[in-house]
Structure formats: structure tokens, C-alpha cells
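Residues per chain are reported as follows:
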Protein chains: 2
Amino acid sequence: MTETPRLHPTLQAVADAAGVHRSTASRALNPQTAHLVADDVAERIQAAARRLGYRRDAMAAGLRTKHSHLVGIAVPDMANLVFAPILCGIEDVLAKNGYSALIANTGSDVARQIDVVDQLIGRRVEGLILATVQQEDDPVLTRCLEARVPTVLVNRAEARHRAPAVISDDLNGMRIAVEHLIGLGHRRIGHLAGPQNLSTGVLRLQGFREAMERAGLDASAVMCASAYSREAGAVAGGALLDRFGDLTAVAAANDLLALGLYGALGERGLSCPADVSVVGHNDMPLVDMVSPPLTSVRIRHQEMGAEAARLLLEQMSGAASGITIRVTPPELIVRGSTGRRAARSRKAPAK
Amino acid sequence: MTETPRLHPTLQAVADAAGVHRSTASRALNPQTAHLVADDVAERIQAAARRLGYRRDAMAAGLRTKHSHLVGIAVPDMANLVFAPILCGIEDVLAKNGYSALIANTGSDVARQIDVVDQLIGRRVEGLILATVQQEDDPVLTRCLEARVPTVLVNRAEARHRAPAVISDDLNGMRIAVEHLIGLGHRRIGHLAGPQNLSTGVLRLQGFREAMERAGLDASAVMCASAYSREAGAVAGGALLDRFGDLTAVAAANDLLALGLYGALGERGLSCPADVSVVGHNDMPLVDMVSPPLTSVRIRHQEMGAEAARLLLEQMSGAASGITIRVTPPELIVRGSTGRRAARSRKAPAK
């Protein structure tokens with residue numbers, strides 16, 4: 001039998017070519033239902049589809065079945081290196097389950113974030129993953145919940161648990177960083193904190209305070225950065241060093257802040273770790289190669305993304321009951337930026 | 001007038017509330033056509049839509065008008081740091097033009113890449129951007145062309161110009177890196193080359209050869225890495241150093257390869273730049289903070305992404321005639337990893 005491939009062959013044409021009913025052909029060509037058709041029949045149908053150049057129109061199929069097989073992902077800054085592995089983990093799990101990711105870059109402006117999420121909902125996404133939320137009653141999440149779209153948070157969570165979330169154990173991550181410094185003999189330890197409207201910023205500050213107080217140490221040497229960036233870290237880190245002249249160690253809420261602090265130390269003629277030990281947070285790519293290599297708290301971002309996708313698929317299937325908050329364990333990676341406190345501590349600079 | 005918001009108010013309800021015809025309401029609520037409606041009328045309609053909680057269903061609208069307003073993007077490895085700014089640039093331009101990005105992570109296996117692109121086409125994407133293509137007759141691009149979906153290549157191009165592309169000037173980028181080394185007095189210069197099935201690998205090797213031959217120098221000290229990774233750079237970089245014991249400088253095809261070479265130098269008791277100067281390629285984030293800070297050829301990845309999206313929109317609108325290849329100029333960023341050739345060159349290691 002010779003068949004001339006058409007530009008857009010119909011499902012009926014494939015069914016005819018394979019000698020089956022149209023509905024059987026439809027089932028065999030849909031990855032979600034192919035297992036319902038006997039293997040040899042499915043293979044015959046798929047071979048006919050290939051021969052004819054048939055292409056299943058997932059969008060039209062989605063409209064008929066009310067399933068778009070799309071998931072929306074809102075990221076505050078796609079160029080930030082921590083989001084790449086999170087997206088990678090999400091996309092991998094979604095693809096294996098027949099879903100595609102609509103990824104939108106929202107920036108940090110809430111009105112724009114709502115606008116972007118509205119557009120994703122308008123495209124009938126079956127679920128949403130937000131990497132954007134603020135610590136207190138995030139208005140974007142409120143919009144998602146009102147629209148009744150299954151939503152999972154990743155990396156950042158709300159203080160109230162209105163939606164499932166996958167986060168690292170920010171409190172404990174900062175505790176192990178501080179305990180590492182205390183173990184090296186440091187007593188005057190500062191915290192270069194993250195933005196306090198984000199859960200990572202709040203929880204890591206809290207972890208710092210708890211660890212210091214548990215050890216009977218003064219936890220007041222804190223400076224908050226305005227953003228998670230090297231520039232903001234240099235500014236707040238410089239202010240921290242100037243305000244608390246006797247610090248011998250600093251635990252930063254994020255690797256970029258720690259790298260900004262490196263610059264502030266250099267400008268003040270101080271060296272790391274001889275004068276001041278520094279711990280980062282995230283263990284992002286290449287921090288093992290900076291000078292000195294950065295001791296950091298490793299967060300498994302790709303696994304967090306994968307887990308968020310799995311939680312969302314559970315929500316979308318209706319199998320989930322209640323709200324799950326998955327907390328991934330952090331791990332301290334010790335490198336050259338932390339060392340034993342020098343016998344003679346650095347003195348407060350002249351005012 | 002009081003109106004009770006419904007869960008899913010219709011377009012007709014919005015039109016009625018605003019006292020206009022349904023088609024006027026439709027035009028006013030579509031970002032692409034809102035300018036066709038008088039400002040005050042459009043505002044009245046949009047206010048009614050907000051009041052009623054009307055949400056435009058972009059997917060159903062897309063199916064009616066045959067426009068999905070979706071663009072598919074195929075990336076070989078979303079976790080690779082060079083792709084984050086490219087995606088950021090693409091997404092920004094698409095969003096401003098009412099398009100959403102379906103981003104798919106394809107890996108480097110061609111069969112899987114074709115499968116992923118088929119799925120994107122099945123979702124009726126109006127165009128595709130491929131960051132995946134191989135140097136010679138890429139089968140994924142062949143599939144896109146057969147399906148008559150407008151396609152633009154980014155970062156990597158084919159040797160034959162079958163589709164518009166936005167690439168950096170790889171040939172010239174490597175030339176300026178080599179000329180910088182020659183200017184510092186180096187004569188025995190090696191090339192740590194990228195994979196030779198990718199245009200970046202081929203063109204940068206060609207740029208190395210041309211620059212060396214133009215200066216009357218021997219261009220035979222070349223070792224190809226199996227992938228763009230630090231691990232592959234350490235292996236091929238070590239082999240390059242062992243095979244050509246008298247090199248005083250190496251131009252690497254990529255920053256990760258250069259950082260792998262740093263490790264290979266350290267293992268051999270050699271220091272950079274005192275014994276061997278190193279130039280990278282891409283100027284990726286944080287290479288200014290590694291030790292020593294890496295001299296590198298800067299490529300404007302975010303601009304490349306934005307330009308690829310603009311080219312694709314042109315293709316999709318039918319306004320483009322012929323094939324445009326946009327080549328962005330590279331720029332050398334000089335840092336601490338390159339220095340003047342020492343008075344006494346390093347000797348070949350004992351065999």
C-alpha cells in the first residue's frame with residue numbers, strides 16, 4: 001500500500017491506514033492512554049501515524065479534554081544562578097509526566113507578578129509553581145488560590161502555610177554555619193542578612209540568633225542587605241565591618257552576599273580568613289574556585305525543583321490531602337574561607 | 001448598578017455591563033487589538049472586566065484565531081550558566097509582545113531533542129528558538145523546517161545557513177584572545193578546544209589557527225575537550241600540558257574549560273599566570289572572582305537572546321525576507337590570568 005503523505009493528515013486517516021476505530025487510534029497516540037491499547041495494535045497505529053506524518057495536536061486535544069498539560073512557573077529573576085537548577089529539576093519531572101513548562105520571568109514587583117500569573121492562568125495552566133513569594137501573605141499566591149489553580153511554592157515559603165512548599169531548612173542551615181564558626185574558636189560573629197521580606201532572609205537571621213544565643217554569644221552584629229546580589233553584599237558587608245570593628249567571622253545569608261563581603265574586606269585591607277572568616281549560603285556553582293574558596297551551606301536546588309513538580313502533580317491529580325511542606329536538609333561544605341580565630345583578634349578600627 | 005461577580009463571567013456579560021458590542025469588548029481586552037478601540041471606551045470595558053472578574057482565556061482565543069501566542073525554546077542544558085541569560089533575554093522580548101515561552105530541556109541526544117521539539121510543535125507553538133544545533137545538518141532543525149514552523153537558532157549555528165541565527169563572532173573572539181597573548185610576548189600558545197560537533201568548538205579552533213598563522217606561529221598545540229565542562233577541561237587541559245611541555249599560554253574555547261585547566265596546572269605544580277597564561281571564553285558570572293581572575297572573551301548572552309526573539313517575531317509576522325545571521329561582537333576582558341611571558345620560558349617536563 002502506498003500512501004501520499006498529506007501536509008496535515010487527520011486522525012481518521014491514521015485510523016483507516018491502521019484498520020482500527022478512530023477512538024483506538026486516539027488512545028494509542030496519546031502518551032497518557034497508550035497503555036490502554038494492546039502493544040501490537042498500538043505499534044501498528046504509531047507506525048501508520050509516522051508514515052503519514054500525522055502529528056497529534058496537543059493544544060486542541062487539551063481543549064477538548066479540558067487538560068492543557070501545561071504548568072506555569074513564575075521565577076523572580078531567571079538570570080540568577082540559583083534558579084537554573086531549580087527550573088531544571090522542575091522541567092525534568094514535568095516532561096516525564098507529559099507536561100510542558102511555561103516559564104515566566106516576573107521581576108520583584110508584585111503588580112507585575114500578578115499580571116504574569118494572570119496570563120499563565122489565562123493560558124489554562126493546570127498548576128503553578130511560584131519561586132517568587134514573600135514571607136507575609138503573598139498577593140500572588142492569594143490570586144492563585146482565588147483562581148483555584150493548584151499551586152506549589154519552591155525555595156521561598158510563606159509564614160502561613162496556605163500552599164504546599166519545598167524549601168531548604170533555612171533555620172538549621174544557618175545554625176550549622178554559625179556552629180562551624182564557633183567550633184573554630186570565633187566568638188564575635190556577625191550576620192550579613194538577606195532581604196527581610198523574603199522567607200530565606202527572615203529564617204536565616206532567626207537561625208543565626210538562635211545559634212548564637214544557644215552558645216551564650218551576643219547576636220546583635222547584624223546588617224541586612226537590600227537584595228541578594230554582590231553589590232548589595234558589598235554595601236551591607238562594608239557597613240557591618242565598620243559598625244562592628246571586632247568581628248572575626250561573618251555568616252552571610254547567601255553566596256553572592258558573601259562574595260560582596262570579600263570585596264568590602266579587601267577595600268579595608270582585611271584578609272579572609274586570616275582576619276575575618278566568611279561562610280556563604282547556597283553553594284552555588286564556582287564558589288569552590290573563588291579566592292579563597294568559599295565555605296558554604298549546600299542546598300540541593302535541582303532536587304528541590306523536582307520535588308516541587310512531584311508535589312504539584314499530586315495536587316493536580318487530587319491525590320494530595322492537606323498541605324505538605326517539604327524541607328530539604330542543608331549540608332555544610334567547608335573550604336578555605338573559614339579558619340581558626342587568630343590568637344590576637346582584630347581591633348576596632350579608629351573612628 | 002450592583003453586579004454579583006460570577007466564577008466565570010462571559011465576554012457577553014462584560015460587553016453588556018459596558019454597554020458595547022461583544023466584538024468591541026473582545027478587541028478591548030486583547031493586548032494585541034486594544035489600540036483599535038477608543039481610549040475611553042476601552043477603559044470602560046476593562047473596568048467592567050475587572051469588576052466582574054472576567055479573565056480572557058488565551059488558549060481558547062488562540063484556538064479560535066489559530067494563534068497560540070506560544071513560542072517553544074529548546075535548550076541543551078538548562079543548568080549550564082550560559083543559557084540562563086539567553087533565556088532571560090528571549091523571555092523578556094516575547095513577554096513584551098504578548099507571547100509566552102514554552103521552555104524545554106533537551107539534553108544532547110538528538111533523538112530526544114527531536115521528540116521534545118515534536119511535542120512543542122504539537123502544542124501549536126508559532127515559532128521555535130533552538131539553542132541546541134549541531135554544526136552539520138542538524139536533524140532537529142530539519143524537522144522544524146519540514147513542519148514549516150518559523151525557527152531561529154541562538155548561540156550555536158549550522159555551517160549551512162538554513163535558518164536565521166544569532167551567534168557571537170566566534171572566529172573573531174578567539175582571534176582577539178590569541179592576539180592578546182601574542183601581544184604579551186607569548187609564542188608557544190596552545191588551544192584547549194571545545195567539542196568539534198558544535199559550531200562554537202569548530203569556529204573558535206579555526207579562529208585560533210588563523211590568528212597563529214597570521215603571526216607566523218605554530219598552531220599545532222591543540223587538544224579537544226569532550227564537553228564544555230570543568231571535568232572535560234581538566235582532562236584535555238592536562239593532556240595539552242603534558243603533550244606540549246613548552247607552552248607558556250593557553251586560549252580555551254570556554255570558561256569552564258579554562259577553569260578545568262586551572263586544576264590541571266595546579267596538579268602539575270604550575271602557576272597561572274607566572275608559568276602559563278590562560279584566556280577563557282564567555283565571561284560567565286563569577287570568573288572575575290576566581291583565583292587568578294580569568295581573562296575572558298565577553299559574549300552578550302542576554303542581548304543575543306533578545307535579538308533571537310526579535311528575529312523570530314519578524315519571521316512569524318512574515319515581514320522577514322531571506323535568512324538573517326546576526327553576529328554580535330565579542331570583547332576581551334583582561335584580568336589576572338594573563339601576563340607577560342616570563343624572561344625564561346618553562347621547560348618541557350622530563351619524560
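These numbers come from a predicted model, not from an experiment. All chains use their own residue numbering, which begins from 1 and follows the written sequence. Numbering of ligands from 1 and lettering of chains from A proceed in the order in which they are written. Totals for whole chains, interfaces and linings use all residues, but because this is a predicted model, local features are given only for residues with pLDDT of at least 70 and pairs of side-chain atoms are given and counted only at 80 or more. Water and hydrogen atoms were dropped before computing side-chain values, which therefore reflect all heavy atoms in the structure.

What is the right way to read the overall build of chain A from this model?
Here a strand is any run of E in DSSP of at least two residues, a helix any run of H or I of at least four, and the numbering for each starts at the N terminus. Helix and strand content of chain A: 12 helices and 12 strands. Radius of gyration: over C-alpha atoms. The globule rule applied is 2.2 Å multiplied by the number of residues raised to the 0.38 power. Taken over C-alpha atoms, the radius of gyration comes to 26 Å for chain A, far larger than the 20 Å a tight globule of 351 residues would show. In terms of principal-axis extent, the alpha carbons of chain A reach across some 90 × 40 × 30 Å. Pairs of residues are marked as contacts when any of their non-hydrogen atoms sit within 4.5 Å. Within chain A, residue pairs in contact and separated by at least 24 positions form 71% of the contacts whose partners lie at least 6 positions apart. Per-residue accessibility takes into account occlusion by the displayed protein chains alone, with areas from the Shrake-Rupley method and a 1.4 Å probe. Accessible area for chain A stands at about 14600 Å²; split by element, carbon and sulfur atoms hold 50% of it. If the 39 positive side-chain charges of chain A are averaged to one point and the 36 negative ones to another, these points end up 1 Å apart. Charge counting follows a simple rule: Lys and Arg are positive, Asp and Glu are negative, and His as well as the terminal groups are ignored. To locate a charge, the coordinates of NZ of Lys, CZ of Arg, CG of Asp or CD of Glu are taken.

Is there a simple way to explain the interface of chain A and chain B in this structure?
You'll often see interface size given as the accessible area lost when the parts meet. Listed by partner, the interface residues are 49 residues for chain A and 49 residues for chain B. Summed over both partners, the accessible area lost on bringing two parts together, with a 1.4 Å probe, is the buried area. Together chain A and chain B conceal approximately 4300 Å² of surface at their shared face, both sides included; 63% is due to carbon and sulfur atoms. Salt bridges are defined by distance alone: a side-chain nitrogen of Lys or Arg within 4 Å of a carboxyl oxygen of Asp or Glu. Between Asp288(A) and Arg230(B) there is a salt bridge, with its nearest N and O atoms 2.4 Å apart. In the analysis that follows, any N or O atom pair within 3.5 Å is treated as a polar contact, provided that within protein one partner can donate a hydrogen and the other can accept it, and provided that, for residues neighboring in sequence, both atoms belong to side chains. Taken together, the links from chain A to chain B amount to 14 residue pairs in polar contact (both at pLDDT 80 or more). Those elements giving two or more residues to the side of chain A that touches chain B turn out to be helix H4 (58-65), helix H5 (83-96), strand E2 (100-105), helix H6 (110-122) and helix H11 (255-267) of chain A. Take the side of chain A that touches chain B: its biggest share by element is 6 residues, from E2(A). Residue type decides the class: Asp, Glu, Lys and Arg count as charged, Ala, Val, Leu, Ile, Met, Phe, Trp, Tyr, Cys and Pro as nonpolar, and the leftover types, Gly among them, as polar. Looking at the side of chain A that touches chain B residue by residue, the classes come out as 29 nonpolar, 8 polar and 12 charged.

Explain the domain arrangement of chain A here, please?
Residues and elements named next belong to chain A. These domain boundaries are the output of an automatic or database domain assignment. Splitting chain A by domain gives domain 1 (11-56), domain 2 (68-168 + 300-327) and domain 3 (170-297). The straight-line distance from the C-alpha centre of domain 2 to that of domain 3 is 29 Å. With 10 residues of domain 2 at the contact, the number on the domain 3 side is 9 residues. Buried surface at the junction of domain 2 and domain 3, summed over both partners, amounts to about 930 Å²; 52% is from carbon and sulfur atoms. The largest per-residue losses of area from domain 2 upon contact with domain 3 belong to Gln135, Arg156 and Ser168, which jointly make up 45% of the total buried on that side. If you look at where domain 2 meets domain 3, you find 0 salt bridges.

Got a minute to help me understand the relation of the copies chain A and chain B in this structure?
With an RMSD of 0.1 Å, the fit of chain A onto chain B corresponds to turning through 179° and sliding 0.0 Å along the axis. What the superposition gives is, in effect, a two-fold axis relating one chain to the other. Across chain A, the rotation axis passes nearest the C-alpha of Val290(A), at a separation of 1.9 Å. A high fraction, 100%, of the interface residues of chain A reappear at the interface in chain B, so the copies pair face to face through one surface. The copies are overlaid by a least-squares fit using only the C-alpha atoms of residues whose pLDDT is at least 70 in both copies.

How should the environment of Ala101(B) be read in this particular structure?
Among the secondary structure elements, Ala101(B) is positioned in strand E2 (residues 100-105). Think of it in three bands: residues with accessible area under 20% of the maximum for their type are buried, residues over 50% are exposed, and the middle band is partly exposed, with areas taken using a 1.4 Å probe on protein chains only. Residue classification places Ala101(B) among the buried residues on the basis of a relative accessible area of 3%. Setting aside residues no more than four positions away along its own chain, Ala101(B) makes contact with Ala101(A), Leu102(A), Ile103(A), Val71(B), Ile73(B), Glu91(B) and Leu94(B).

I would appreciate a short explanation of the sheet that holds strand E10 (residues 295-298) of chain B in the present structure.
Consider a sheet: its strands pair through backbone hydrogen bonds, and that pairing is either parallel or antiparallel. Residue and element names in this part refer to chain B. Two strands make a pair as long as DSSP finds a minimum of two bridges between them. The strand order E7-E6-E8-E9-E10-E12 describes an open sheet built from 6 strands, whose pairing is mixed. Each of the sheet's edge strands pairs with one partner strand only, and the pair in question is strand E7 (222-224) and strand E12 (331-333). Averaged over all pairs of adjacent strands, the angle between their axes in this sheet comes to 20°, without regard to strand direction. Relative to E7, strand E6 (residues 189-193) is paired through 3 bridges, and the arrangement is parallel. Each residue of the ladder has a partner; that of Leu192, found in E7, is Met223. Axes here refer to lines fitted to C-alpha atoms; in helices the fit is confined to the stretch in contact. Angles between the N-to-C directions go from 0 to 180 degrees.

Quick question: what am I supposed to make of the pattern of salt bridges here?
Between side chains of opposite charge, a pair can form as their charged atoms come close. Residue and element names in this part refer to chain A. Following the criterion strictly, the structure yields 34 salt bridges over all chains and no others. Taking the shortest distance from any N to any O, the salt bridge between Arg310 and Glu307 comes out at 3.0 Å. One end of the pair is Arg310 and the other is Glu307, both in helix H12 (residues 301-317) and 3 residues apart, which spans about a single turn. Its relative accessible area of 40% is what places Arg310 among the partly exposed residues. Note on Glu307: relative accessible area 16%, which makes it buried.

Looking at this structure, how should I read the pairing of strand E3 (residues 127-130) of chain A?
The side chains of a regular strand alternate, first on one face of the sheet and then on the other. Residues and elements named next belong to chain A. Burial of the side chains of E3 extends over both faces: Gly127 and Ile129 are buried on one face and Leu128 and Leu130 on the other. Pairing between E3 and strand E4 (residues 151-154): 3 bridges, direction parallel. Each residue of the ladder has a partner; that of Leu130, found in E4, is Leu153. When the strands point away from the viewer and the connection leading from the first strand across the helix to the second strand turns clockwise, the crossover is called right-handed. Read from E3 through helix H7 (residues 139-146) to E4, the crossover connection turns out right-handed.

What should I look at first to understand the sheet that holds strand E10 (residues 295-298) of chain A in this one?
Residue and element names in this part refer to chain A. The 6 strands lie next to each other as E7-E6-E8-E9-E10-E12, forming an open sheet whose pairing is mixed. If you trace the sheet from one side to the other, it starts and ends with strand E7 (222-224) and strand E12 (331-333), each paired once. Averaged over all neighbouring strand pairs, the angle between strand axes comes to 20°, with direction disregarded. Pairing of strand E6 (residues 189-193) with strand E8 (residues 249-252) involves 4 bridges; the strand directions are parallel. Residue pairing across strands places Gly190 opposite Val250, the latter belonging to E8.

I would appreciate a short explanation of helix H9 (residues 199-214) of chain B in the present structure.
Residue pairs three or four apart in sequence face the same way in an α-helix, which turns once every 3.6 residues. All names here are of chain B. What a helix is expected to span follows from its residue count: subtract one and scale by 1.5 Å. Over its 16 residues, H9 extends 22 Å from the first C-alpha to the last, a length consistent with the 22 Å expected when each residue adds 1.5 Å. Every buried residue of H9 is listed here: Ser199, Thr200, Gly201, Val202, Arg204, Leu205, Gly207, Phe208, Ala211 and Met212. Close packing links the buried residues of H9 with strand E5 (165-168), helix H8 (170-183), E6, E7 and strand E9 (277-282). Positive phi appears at Gly216, one or two residues downstream of H9, with a value of about 70°.

Where do I start with the packing of aromatic side chains in this structure?
The geometry of an aromatic ring pair is captured by the separation of the ring centres together with the interplanar angle, meaning the angle of the planes. Any two rings among Phe, Tyr and Trp, with Trp reduced to its six-membered ring, count as a pair given centres within 6.5 Å; such a pair is stacked if its planes are under 30 degrees apart, edge-to-face if over 60, and tilted if neither. Applying the stated criterion across every chain, the model contains 0 aromatic pairs over all chains. Whether a charge sits over a ring depends on NZ of Lys or CZ of Arg being within 6 Å of the ring centre and within 35 degrees of the ring normal. Stacked on the ring of Phe244(A), the Lys or Arg Arg243(A) has its end atom at 4.7 Å from the ring centre.

Any chance you could explain the state of the cysteines here in plain terms?
Such a bond, covalent and formed between the sulfur atoms of two cysteines, is termed a disulfide. Note on terminology: disulfide denotes any pair of cysteine sulfur atoms within 2.5 Å. Counted according to the given criterion, the structure contains 0 disulfides over all chains. The cysteine Cys88(A) is free of any disulfide, with Cys88(B) supplying the nearest cysteine sulfur at 16 Å.

I tried to follow the pairing of E6(B) on my own but got confused; where do I start?
Extensive coverage of E6(B) is indicated by the burial of 5 of its 5 residues. Taking the sense of rotation as the criterion, the β-α-β connection linking E6(B), H9(B) and E7(B) turns out right-handed.

Would you mind going over unusual backbone geometry with me for this structure?
The phi torsion of most residues other than glycine is negative, and most of the peptide bonds are trans. The step from Cys272(A) to Pro273(A) runs through a cis peptide bond, and the omega angle for that step is 5°. If you trace the backbone, Pro273(A) turns up in the loop between H11 and strand E9 (277-282). For the peptide bond that leads from Ser291(B) to Pro292(B), omega is -10°, which places it in the cis range. Its location among the elements puts Pro292(B) in the loop between E9 and E10. The backbone of His69(B) shows a phi angle near 55°, a positive value even though the residue is not glycine. Its place among the elements puts His69(B) in the loop between helix H4 (58-65) and strand E1 (70-75). With a phi close to 55°, Arg148(B) is a non-glycine residue in the positive phi region. Position of Arg148(B) among the secondary structure elements: in the loop between helix H7 (139-146) and strand E4 (151-154). Judged by relative accessible area, Arg148(B) falls into the exposed class, the value being 64%.

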